[in-house]
Amino acid sequence: MDGNNRWSIKRKINLFDSYLVGSKKLLSISNYIFSNYETKYITSFALSKNNLNRPSEKLKTLIKVLEYFVDDKHKLNEFKFNILIKGNFSFLNRKLIKKINELNHDNKNYSKSLIILLNYSGQDEIFDSVKQIVKNKEKVNKHNFEKNLLLSDIPNPDMLIRTGGYNRISNFMLYQLAFTDFFFTKKLWPDINNNDIKKFYNIFYKLDRKFGL
């Protein structure tokens, strides 16, 4: 979901409102996808570990938007899919962490889920899994490695959509993207619309996905 900051500058609106638009866009786009396609999981990269190095004022703004997001339970309850927030919450205060845990706990077990990653690093996820194997004195194999991944309970993604004009994955799900098809767009995240998503899906469905065969 790249481009909120640049969208804020472009539109000459404050950063909080820009990120708020971005968070609402995530919900609306997810609702469109779940309502029109067989997709069961959407994983969004809301905040990377590297983003914590941003100026403190920007980080405070992001946290305020997160607080607004988790507090807006009436809005969240309108959607017929689970909303789960995962990642390393150590940079957040206890009150906000409690609210996130309550949001995760209160999900209604819908068949489809939106997963939001905070303070996440694909490199750290791999490293942490290896450390866990060593700590548990387990055999080093694919099964033990994958079961220790933060996202072990969801399938590997079929497609990745990155907004904002950068053609890179920026430390996102490095292990899981082995056979993922990538779609890049110069559009900033708040400008993405349902027609853009429809075009990506139409291209994806025409692909002959051989998985190396």
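Cut-offs applied
Residues numbered from 1 in each chain as written. Predicted model: local features only at pLDDT ≥ 70, side-chain atom pairs only at ≥ 80, totals over all residues. Heavy atoms only, no water. Helix = DSSP H or I, 4+ residues; strand = E, 2+ residues; numbered from the N terminus. Buried < 20%, exposed > 50% of the residue type's maximum accessible area, 1.4 Å probe, protein only. Axes fitted to C-alpha atoms, helices over the stretch in contact; angles between N-to-C directions. Parallel < 35°, antiparallel > 145°, perpendicular 65-115°, else oblique. Left-handed = near helix turned anticlockwise from the far one by under 90°. Contact = heavy atoms within 4.5 Å. Core = buried A, V, L, I, M, F, W, Y, C linked by side-chain atoms within 4.5 Å. Nonpolar A, V, L, I, M, F, W, Y, C, P; charged D, E, K, R; others polar. Pairing = 2+ DSSP bridges. Polar contact = N/O pair within 3.5 Å; in protein donor to acceptor, adjacent residues only side chain to side chain. Salt bridge = Lys/Arg side-chain N within 4 Å of Asp/Glu carboxyl O.

## Here's the deal with unusual backbone geometry
Positive phi values are uncommon outside glycine, yet Asn119 reaches one of about 45°. The residue Lys137 is not glycine, and still its phi comes out positive at about 55°. Position of Lys137 among the secondary structure elements: in the loop between α6 (122–135) and α7 (142–147).

## Section: the environment of Asn202
Mapping Asn202 onto the fold places it in helix α8 (residues 194–205). With a relative accessible area of 36%, Asn202 lands in the partly exposed category.

## Quick notes on the packing of helix α1 (residues 4–11) against helix α2 (residues 15–36)
Running from N to C, α1 and α2 point in directions that differ by 125°, and their axes come no closer than 9 Å. In terms of axis orientation, α1 runs oblique to α2. Crossing handedness for the pair α1 and α2: right-handed. Taking contact as the criterion, the partners of Asn4, Asn5, Trp7 and Ser8 in α1 are, on α2, Leu15, Ser18, Tyr19, Val21 and Gly22.

## As for the nonpolar core
One finds Ile85 and Ile100 to be the most contacted residues of the largest nonpolar core, which totals 39 residues. Broken down by secondary-structure element, the contributors of at least two residues to this core are α2, β1 (41–48), α3 (56–71), β2 (82–87), α5 (94–105), β3 (113–120) and α8. Looking at which element gives the most residues to this core, the answer is α2, with eight residues. For Ile85, the contacting residues outside a window of four places in its chain are Leu66, Val70, Ile100, Leu103, Asn104, Ile116 and Leu118.

## Comments concerning the packing of α2 against α8
At a minimum axis separation of 10 Å, α2 and α8 run at an interaxial angle of 45°. Between α2 and α8, the interaxial angle falls into the category oblique. In the crossing of α2 with α8, the sense of the turn from one axis to the other is right-handed. Together, Ile29, Tyr32 and Ile33 of α2 and Asn194, Ile197, Lys198 and Tyr201 of α8 make up the contact between the two elements. Residues that form the contact of α2 with α8 fall into these classes: five nonpolar, one polar and one charged.

## Focus on the sheet that holds β3
Here three strands make up an open sheet; going across it, the order is β1-β3-β2 and the pairing parallel. Lying at the two open borders of the sheet, with one neighbouring strand each, are β1 and β2. Looking at each pair of strands side by side, their axes are set apart by 20° on average, direction ignored. Note that β2 and β3 share six bridges and pair parallel. Counterpart to Asn82 in the pairing with β3 is Ser113. The strands touched by α2 within the sheet are β1, β2 and β3, with β3 carrying the most contacts at an inclination of about 140°.

## Topic: the side chain of Ser121
Looking at where Ser121 falls in the secondary structure, it is placed in the loop between β3 and α6. Of the polar contacts made by the side chain of Ser121, one reaches the backbone nitrogen of Gln123; its length is 3.4 Å. Residue contacts for Ser121: discarding those within four places in its chain leaves Lys49 and Asn171.

## Focus: the pattern of salt bridges
A complete count under the given rule lists 11 salt bridges for this structure. With a shortest N-O distance of 3.2 Å, Asp191 and Arg11 are connected by a salt bridge. Of the two residues, Asp191 is situated in the loop between β5 (181–184) and α8 and Arg11 in helix α1; the sequence distance between them amounts to 180 residues. On the basis of relative accessibility, which here comes to 44%, the residue Arg11 falls in the partly exposed class. Of the charged contacts, one joins Glu78 and Lys75 as a salt bridge, the two residues approaching to 3.7 Å between their closest N and O atoms. By relative accessible area, Glu78 is classed as partly exposed at 45%. According to the relative accessible area criterion, Lys75 is partly exposed, its value standing at 32%.

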